[in-house]
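What the coordinates show
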Amino acid sequence: MNTTLARALSAVFHPLLMPTILFSILLFVVPGALGVSTFGTPLKLSLLLLIAISTFFVPAFLIYFLYRTGYVRSLHMNELHDRRLPYFMTALLYTTATLLFAFRLPQLSDMAPEIGIVLGSITVSVTLVGLISLFWKISAHSVGISGMVGALLGMAIKSGELTLLYPLLALIILAGLLASARLHLNAHTPPQIAAGMGLGLVVSLATVLWLV
């Protein structure tokens, strides 16, 4: 793998983009898994935009603000001291988004409670990454991509949606490519990659199988 491809994969599958990518798949590729088959395209787009704003745009803006004010020395957050505050702030924002979808939008939570549950599993993963980052540099990219794999696998098991097989296989291949990219860029060691893969997969799969 060349460096350009490795950097492109790391950017496209940035941890903050994972929720938006995951819900793009669940809302538009396999809407039956979330029970949103009856939702019109405008409503799905509105939901996806709300998810993107709360899980990507707002956290990304805050991290950039921390960088500009000197609290974070590099946007790549290669050092542990650069990762702690951004991850805990992101966890707080994700918690707010989860509570919004689970409790503050009663009609949506009644029709598609899976949205709040999947967001909750992502929030748990982000929080654990923040806690682990207090003393060790786990791969957030690996947590994110394996979390998507776990969520889709759990949905496939629970719903029996065969159409989930294709995006699931694609994500498994992408997980391998992303792991290779992070290793190629010397962003993480193999144990950090493996730990991230295990954490994301276990948390998302267990949450979906238990609560959905």
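**Digging into the overall build of the protein chain**
Within the protein chain, the secondary structure is distributed over nine helices and zero strands. Going from the N terminus to the C terminus, the protein chain shows its helices and strands as α-α-α-α-α-α-α-α-α. Over its C-alpha trace the protein chain gives a radius of gyration of 17 Å, about what one expects of a compact globule, namely 17 Å for 212 residues. Seen along its three principal axes, the alpha-carbon backbone of the protein chain occupies a region of about 45 × 35 × 30 Å. The buried share of the protein chain, reckoned over its 212 residues, is 47%. In the protein chain, once contacts between residues fewer than 6 apart in sequence are set aside, the share between residues at least 24 apart is 73%. A gap of 11 Å separates the mean positions of the 10 positive and 5 negative side-chain charges of the protein chain.

**Considerations on the packing of helix H7 (residues 140-159) against helix H8 (residues 165-184)**
Where H7 contacts H8, the axes come no closer than 10 Å and their chain directions differ by 165°. Between H7 and H8, the angle falls in the class roughly antiparallel. For the element pair H7 and H8, the recorded crossing hand is left-handed. Contact residues: His141, Ile145, Met148, Val149, Leu152 and Leu153 in H7; Pro167, Leu168, Leu171, Ile172, Leu174, Ala175, Leu178 and Arg182 in H8. Split by residue class, the contact of H7 with H8 holds twelve nonpolar, one polar and one charged.

**A look at the nonpolar core**
Core analysis: the biggest nonpolar cluster contains 43 residues, and Leu22, Phe23, Leu26, Leu34, Ile145, Leu152 and Met155 have the highest contact counts within it. For this core, the secondary-structure elements that each account for two or more residues are helix H1 (3-12), helix H2 (18-29), helix H3 (41-68), helix H4 (80-104), helix H6 (114-132), H7, H8 and helix H9 (190-211). Once residues lying within four places of it in the same chain are set aside, the contact partners of Leu26 are Pro31, Ala33, Leu34, Val36, Leu152, Met155 and Leu164. Grouped together as the second largest cluster of nonpolar side chains are seven residues, Ile138, Ala140, Val143 and Leu199 included.

**Examining a nonpolar patch on the surface**
Together, Phe88, Leu131, Leu134, Phe135 and Trp136 line one region of the surface with nonpolar side chains, adding up to about 480 Å² of accessible area. Structurally, Leu131 is set in helix H6. The class for Leu131 is partly exposed, based on a relative accessible area of 40%.

**Things to note about the side chain of Thr90**
Mapped onto the elements of the fold, Thr90 is located in helix H4. Within the local environment of Thr90, its side chain forms a polar contact with the backbone oxygen of Pro86, the two atoms lying 2.7 Å apart. Excluding residues that lie within four positions of it along the chain, Thr90 makes contacts with Leu16, Pro59, Ile63 and Val126.

**Considering the packing of aromatic side chains**
Enumeration according to the criterion identifies two aromatic pairs in this entry. Seen in terms of ring centroids, Phe56 and Phe57 are 5.0 Å apart; in terms of plane orientation they differ by 70°. Their pairing is edge-to-face. Classification of Phe56 by relative accessible area gives partly exposed; the value is 22%. Between Tyr64 and Tyr67 the ring centres are 6.2 Å apart and the planes differ by 40°, which places this aromatic pair in the tilted class. Placement of the pair is Tyr64 and Tyr67 together in helix H3, with a separation of three residues, close to one helical turn.

**What to know about unusual backbone geometry**
With a phi close to 55°, Asn186 is a non-glycine residue in the positive phi region. Positionally, Asn186 belongs in the loop between H8 and H9. Overall, the relative accessible area of 68% leaves Asn186 in the exposed class.

The rules behind each value
- Residues numbered from 1 in each chain as written.
- Predicted model: local features only at pLDDT ≥ 70, side-chain atom pairs only at ≥ 80, totals over all residues.
- Heavy atoms only, no water.
- Helix = DSSP H or I, 4+ residues; strand = E, 2+ residues; numbered from the N terminus.
- Rg over C-alpha atoms; globule rule 2.2 N^0.38 Å.
- Buried < 20%, exposed > 50% of the residue type's maximum accessible area, 1.4 Å probe, protein only.
- Contact = heavy atoms within 4.5 Å.
- Lys, Arg positive; Asp, Glu negative; His and termini not counted.
- Charge placed at Lys NZ, Arg CZ, Asp CG, Glu CD.
- Axes fitted to C-alpha atoms, helices over the stretch in contact; angles between N-to-C directions.
- Parallel < 35°, antiparallel > 145°, perpendicular 65-115°, else oblique.
- Left-handed = near helix turned anticlockwise from the far one by under 90°.
- Nonpolar A, V, L, I, M, F, W, Y, C, P; charged D, E, K, R; others polar.
- Core = buried A, V, L, I, M, F, W, Y, C linked by side-chain atoms within 4.5 Å.
- Patch = residues over 30% accessible without salt bridge, like charges linked within 9 Å, V, L, I, M, F, W, Y side chains within 5 Å.
- Areas by Shrake-Rupley, 256 points an atom, 1.4 Å probe, with all protein chains shown as cover.
- Salt bridge = Lys/Arg side-chain N within 4 Å of Asp/Glu carboxyl O.
- Polar contact = N/O pair within 3.5 Å; in protein donor to acceptor, adjacent residues only side chain to side chain.
- Phe/Tyr/Trp six-rings, centres within 6.5 Å; stacked < 30°, edge-to-face > 60°.

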